[in-house]
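# Coordinate analysis (summary)
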Amino acid sequence: MTDKIIDFEAYLPHEVCEVICVKCLHRYMCVKPVDTWLKDLECPKCGSKGYVIQTGQELQENDYD
């Protein structure tokens, strides 16, 4: 048996999207597993959970290379 810990979330499909916290108005690029609900995201600036929404900005694959 090995003691190696495998982060299985690293192998899940992810998406990149622009989001904003409607509590503190902090806007940022978010990388999250596709199945993660926006209401479960925590704002990196104010630490609030449940206030993050997507901006609707369309992103192309080469926009975040």
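Residues numbered from 1 in each chain as written. Predicted model: local features only at pLDDT ≥ 70, side-chain atom pairs only at ≥ 80, totals over all residues. Heavy atoms only, no water.

## Some thoughts on a nonpolar patch on the surface
Together, Val22, Tyr51 and Ile53 make up an exposed nonpolar region whose accessible area comes to about 250 Å². Of the residues examined, isoleucine 53 reaches a relative accessible area of 40% and is grouped as partly exposed. (Patch = residues over 30% accessible without salt bridge, like charges linked within 9 Å, V, L, I, M, F, W, Y side chains within 5 Å. Areas by Shrake-Rupley, 256 points an atom, 1.4 Å probe, with all protein chains shown as cover. Salt bridge = Lys/Arg side-chain N within 4 Å of Asp/Glu carboxyl O. Buried < 20%, exposed > 50% of the residue type's maximum accessible area, 1.4 Å probe, protein only.)

## A word on unusual backbone geometry
Glycine aside, residues mostly have negative phi, and peptide bonds are mostly found in the trans state. Positioned with a positive phi, leucine 25 is a non-glycine residue whose angle comes to about 65 degrees. One can find leucine 25 in the loop between β1 (14-21) and β2 (27-33). Owing to a relative accessible area of 62%, leucine 25 belongs among the exposed residues under this scheme. (Helix = DSSP H or I, 4+ residues; strand = E, 2+ residues; numbered from the N terminus.)

## Considering the pairing of β1
Every regular strand shows the same layout, with side chains that alternate between the two sheet faces. Both β1 and β2 contribute to a ladder of 7 bridges, which runs antiparallel. If you follow histidine 14 over to β2, its bridge partner there is proline 33. Turn length for the β1-β2 hairpin, with the two strands adjacent in sequence and antiparallel, is 5 residues, and the turn residue leucine 25 shows positive phi of about 65 degrees. Of the strand pairs in this sheet, β1 and strand β3 (residues 52-54) are connected by 3 bridges, and their pairing is antiparallel. Bridge pairing links valine 19 to glutamine 54 in β3. (Pairing = 2+ DSSP bridges.)

## Section: the packing of aromatic side chains
Per the stated rule, a full pass over the model turns up 0 aromatic pairs. Lying over the aromatic face of tryptophan 37, lysine 39 brings its terminal NZ or CZ to 5.3 Å of the ring centre. (Phe/Tyr/Trp six-rings, centres within 6.5 Å; stacked < 30°, edge-to-face > 60°. Lys NZ or Arg CZ within 6 Å of the ring centre and 35° of its normal.)

## What to know about the confidence of the model for the protein
When pLDDT is low, close inspection of the predicted coordinates is not appropriate. Scored by pLDDT, the protein comes out at a mean of 88, with 89% of its residues at no less than 70. Between the elements of the protein, mean pLDDT differs from a low of 92, seen in β2, to a high of 96, seen in β3. (pLDDT = per-residue confidence, 0-100.)

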